[in-house]
Amino acid sequence: ISCEAVSSCNFTSLLSFAGVTLPTVSMCDASDCGGKGVCVGIKAFPLCLCEPGYTGAKCQTKVEETGSTIPCTAADCNGKGLCLGIKAQFVCLCEL
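All of these numbers come straight from a predicted model, not from anything done at the bench.

### Description of the state of the cysteines
Thought 1: Tallied over the entire structure, the rule returns 5 disulfides.
Thought 2: Note on cysteine connectivity: C28 is disulfide-linked to C39, with sulfurs 2.1 Å apart. One disulfide, between C28 and C39, carries an S-S torsion of -105° and so falls in the left-handed class. Of this pair, C28 sits in the loop between helix 1 (11-17) and strand 1 (37-42) while C39 sits in strand 1, and the two are 11 residues apart along the sequence.
Thought 3: Given a relative accessible area of 10%, C28 falls into the buried group.
Thought 4: On the basis of relative accessibility, which here comes to 13%, the residue C39 falls in the buried class.
Thought 5: Put simply, C33 and C48 are joined by a disulfide, and their sulfur atoms are 2.1 Å apart. The sign of the -90° torsion about the S-S bond sets the C33-C48 disulfide as left-handed. Placement of the pair is C33 in the loop between helix 1 and strand 1 and C48 in strand 2 (residues 45-50), with a sequence separation of 15 residues.
Thought 6: According to the relative accessible area criterion, C33 is buried, its value standing at 0%.
Thought 7: Given the relative accessible area of 11%, C48 is considered buried.

Structure below.
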């Protein structure tokens, strides 16, 4: 393998030189979460962060706003982030 400068050599070019082919990886998107959430990860292993009022692995289940199924708010994240989920089960996307 020959590189004009060390900075032009990278892991992918070294693997290619060695005859190794990397599989194509597709990032997931909102459609992988039924359009009711944000998807983080790849299509093969999506992780859905559901909008308030929705739950399930692909945000497929609408929850009733009674008791512990009330959507969470920024206050549930100490006012320092975005809250996704319901008060009984939520994820905070914190400010940096």
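### Comments concerning the UniProt feature "domain: EGF-like" (unreviewed entry) in the protein
Thought 1: Under the UniProt annotation, "domain: EGF-like" (unreviewed entry) lies at residues 24-60.
Thought 2: Taken as a whole, residues 24-60 contains 0% helix and 38% strand, while its terminal C-alpha atoms sit 28 Å from one another.

### Quick notes on the pairing of strand 5 (residues 81-86)
Thought 1: Of all 6 residues that make up strand 5, 5 are buried, and the element is covered over most of its length.
Thought 2: Across 6 bridges, strand 5 lies against strand 6 (residues 89-94) in antiparallel orientation. Residue pairing in the sheet places G81 in a bridge with C94 of strand 6.
Thought 3: The turn joining strand 5 and strand 6, which pair antiparallel and follow one another in sequence, is formed by 2 residues.

What counts as what
- Residues numbered from 1 in each chain as written.
- Predicted model: local features only at pLDDT ≥ 70, side-chain atom pairs only at ≥ 80, totals over all residues.
- Heavy atoms only, no water.
- Disulfide = S-S within 2.5 Å.
- Helix = DSSP H or I, 4+ residues; strand = E, 2+ residues; numbered from the N terminus.
- Buried < 20%, exposed > 50% of the residue type's maximum accessible area, 1.4 Å probe, protein only.
- UniProt positions renumbered as here; feature names shortened; annotations may be inferred.
- Pairing = 2+ DSSP bridges.

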